[in-house]
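Listed below are the residues making up each chain.
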Amino acid sequence: MSLSPPSAQNLTHCVSLSASPSPTVATIDLSALAHNLTQVRSLLADTCQILAVVKADAYGHGAVVISRTLTQLGITRFGVSTVQEGIALREAGIRGSVLVLGAVFPNQIPDLFAHGLTPAVYDLDMALKLAQHARSQQEPYVVHIKVETGMGRLGLSPDEVVRLLQSPPFKGPLRAEGLMTHLADADGPYPAYTQAQIARFRSALSQIEAAGLSVPLVHTANSAGILLHPSSHFTLVRPGIMLYGYPPDAGGNQIPNLKPLLMLTTTVAQVRALAPGDHVSYNCSYTATRPTRIAVLPIGYADGYSRSLSNRGYVMIKGRLARIVGRVCMDMTMVEVTEIPDIKPGDEAVLIGQQGAAQISASDLAAWQGTIPYEVLCAIGTRVPRVYRELGPHVEHGPGSRS
Ligand SMILES: Cc1ncc(COP(=O)(O)O)c(C=O)c1O
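Residues numbered from 1 in each chain as written. Predicted model: local features only at pLDDT ≥ 70, side-chain atom pairs only at ≥ 80, totals over all residues. Heavy atoms only, no water.

Draft legend 1. Examining helix α1 (residues 30–42) more closely. In this model α1 runs 19 Å from its N-terminal to its C-terminal C-alpha over 13 residues, within 8% of the 18 Å that 1.5 Å per residue would give. Burial runs high along α1: eleven of the 13 residues are buried. Among the residues of α1, those classed as buried are L30, S31, A32, L33, A34, H35, N36, L37, Q39, V40 and R41. On its buried side, α1 packs onto β2 (25–29), β3 (49–53), α3 (63–72), α9 (223–228) and β21 (386–389). For α1, the N-terminal capping position is held by D29, with its side-chain oxygen 3.0 Å away from the main-chain nitrogen of S31. (Helix = DSSP H or I, 4+ residues; strand = E, 2+ residues; numbered from the N terminus. Expected span 1.5 Å × (residues − 1). Buried < 20%, exposed > 50% of the residue type's maximum accessible area, 1.4 Å probe, protein only. Contact = heavy atoms within 4.5 Å. Polar contact = N/O pair within 3.5 Å; in protein donor to acceptor, adjacent residues only side chain to side chain.)

Pasting the structure below:
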């Protein structure tokens, strides 16, 4: 949270995807996406490709519009978590490569093939099941292989990779386009754990090479890897949070020049006067101690505005900070506006973004909630319409080869 002056907004008109006006809106600035992509590119070697992580509805920003915009900006590879997320991109016309980073279950394999999604293979059994389906295809089906080097979740151990690549599924039905691992502590203060993960990953690569095999796309780096561990870049990187304008570590030792895309606003529904002793919201956790005015906002935890902000967080109204009082409800939140004059129903309240000289970021909300900005952004509910500010006219488009 800060009181620094707002930066100039030079963006164009808004495109609303909602049918009817909503008092609560997430406004997403696609020029900021272009800016952040440029920042990512500036950290990479010319030969290093980018796979944009758009899982969890592009961290709450709307995977379809984000992927379309990134396609315009030269990105041809996308990462989702589930087969369903991949299908949603295909149905919206996204043609690029879509890598399913998470689990794929046998009953999802027909859909995976039908939509040309790329699985990240994490055990031999999965490879065998994919190969069964792939036998009816004319070309080998493209997959990536996920190596477990210290994250403690999905993946083969480094020593199993060569055996997998030499197994029957990779003698025709499947083709390994990529080899990947995921870094557990790239945003942590000490590099040793990440270095050890990279060393384990490199041991798998050396074994592949020694066996006379090769895999063209090699990738380990999330945003923190991109930013803090150049040795993790290899031939492809997988940024998520950086694209959405936040550094991976909110405390960050190295703050890149990023612009948050998302602004969350709502509208004052009612302004009420409280007498000393009056209570607000469930369980009466707030009691007025003086004549107090509150504004009622039509947003609550069903919209992803966390109940843990009760009596803790702030919003901005008329460029001033207004403290949340009482419990955040499912659909409503109350804020104290005693010191902010002339507030009336219809006034804008900003929950994430800038208003006048005041600013609240998803990192501020995360600090109040005891979480990370990822969770704050992903939590913004489907009831909140996403409204897009289009790319400005002078957006820098990346070279085609750098996708
Ligand atoms: C496998 C994988 N790669 C890349 C990312 C992107 O991470 P970040 O948002 O920190 O850049 C994620 C996100 O959790 C992930 O699960």
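Draft legend 2. Layout of the sheet that holds strand β5 (residues 97–100). Strand order in this closed barrel of eight strands is β3-β4-β5-β6-β7-β8-β9-β10, and the pairing throughout is parallel. Here two bridges tie β5 to strand β6 (residues 118–121), and the two strands are oriented parallel to one another. Considered in β6, the bridge of L99 is made with T118. With respect to the sheet, helix α6 (residues 124–134) is in contact with β6, β7 (141–146) and β8 (174–180), its orientation differing from that of β6 by roughly 150°. (Pairing = 2+ DSSP bridges. Axes fitted to C-alpha atoms, helices over the stretch in contact; angles between N-to-C directions.)

Draft legend 3. Spatial organisation of the packing of α1 against α3. At a closest axis distance of 11 Å, the pairing of α1 and α3 adopts a crossing angle of 55°. Between α1 and α3, the angle is such that the two are oblique. For the element pair α1 and α3, the recorded crossing hand is right-handed. Only V65, I66, T69 and L70 of α3 make contact with α1, whose side of the interface consists of L30, L33 and L37. Among the residues making up the contact of α1 with α3, the classes are represented as six nonpolar, one polar and no charged. (Parallel < 35°, antiparallel > 145°, perpendicular 65-115°, else oblique. Left-handed = near helix turned anticlockwise from the far one by under 90°. Nonpolar A, V, L, I, M, F, W, Y, C, P; charged D, E, K, R; others polar.)

Draft legend 4. Highlighting the site of the ligand. Around the ligand lies a shell formed by V53, K55, Y59, R153, H182, N222, S223, R238, P239, G240, I241 and Y374. In this structure, an oxygen atom belonging to the ligand sits 2.5 Å away from a side-chain N or O atom of S223. In this structure, a nitrogen atom belonging to the ligand sits 2.8 Å away from a side-chain N or O atom of R238. Taken by itself the ligand offers 390 Å² of open surface, and the protein chains cover 92% of this. (Near = heavy atom within 4 Å. Areas by Shrake-Rupley, 256 points an atom, 1.4 Å probe, with all protein chains shown as cover.)

Draft legend 5. View of the domain arrangement of the chain. Assigned domains of the chain: these are domain 1 (29–237) and domain 2 (262–389). Computed from C-alpha coordinates alone, the two centres of domain 1 and domain 2 are separated by 38 Å. Taken residue by residue, the interface counts nine residues in domain 1 and seven residues in domain 2. Both sides together, the interface formed by domain 1 and domain 2 hides about 810 Å², and carbon and sulfur atoms give 63% of it. Ranking the residues of domain 1 by area buried against domain 2 places Y59, G60 and H61 at the top, with a combined share of 57%. Between the two partners, domain 1 and domain 2, sit three residue pairs in polar contact (both at pLDDT 80 or more). Among the secondary structure elements, those contributing two or more residues to the side of domain 1 that touches domain 2 are α1 and α2 (55–60). It is α2 that provides the largest number of residues to the side of domain 1 that touches domain 2, a total of three residues. When its residues are assigned to classes, the side of domain 1 that touches domain 2 shows four nonpolar, four polar and one charged. (Domains from an automatic or database assignment. Buried area = accessible area lost by both parts, 1.4 Å probe.)

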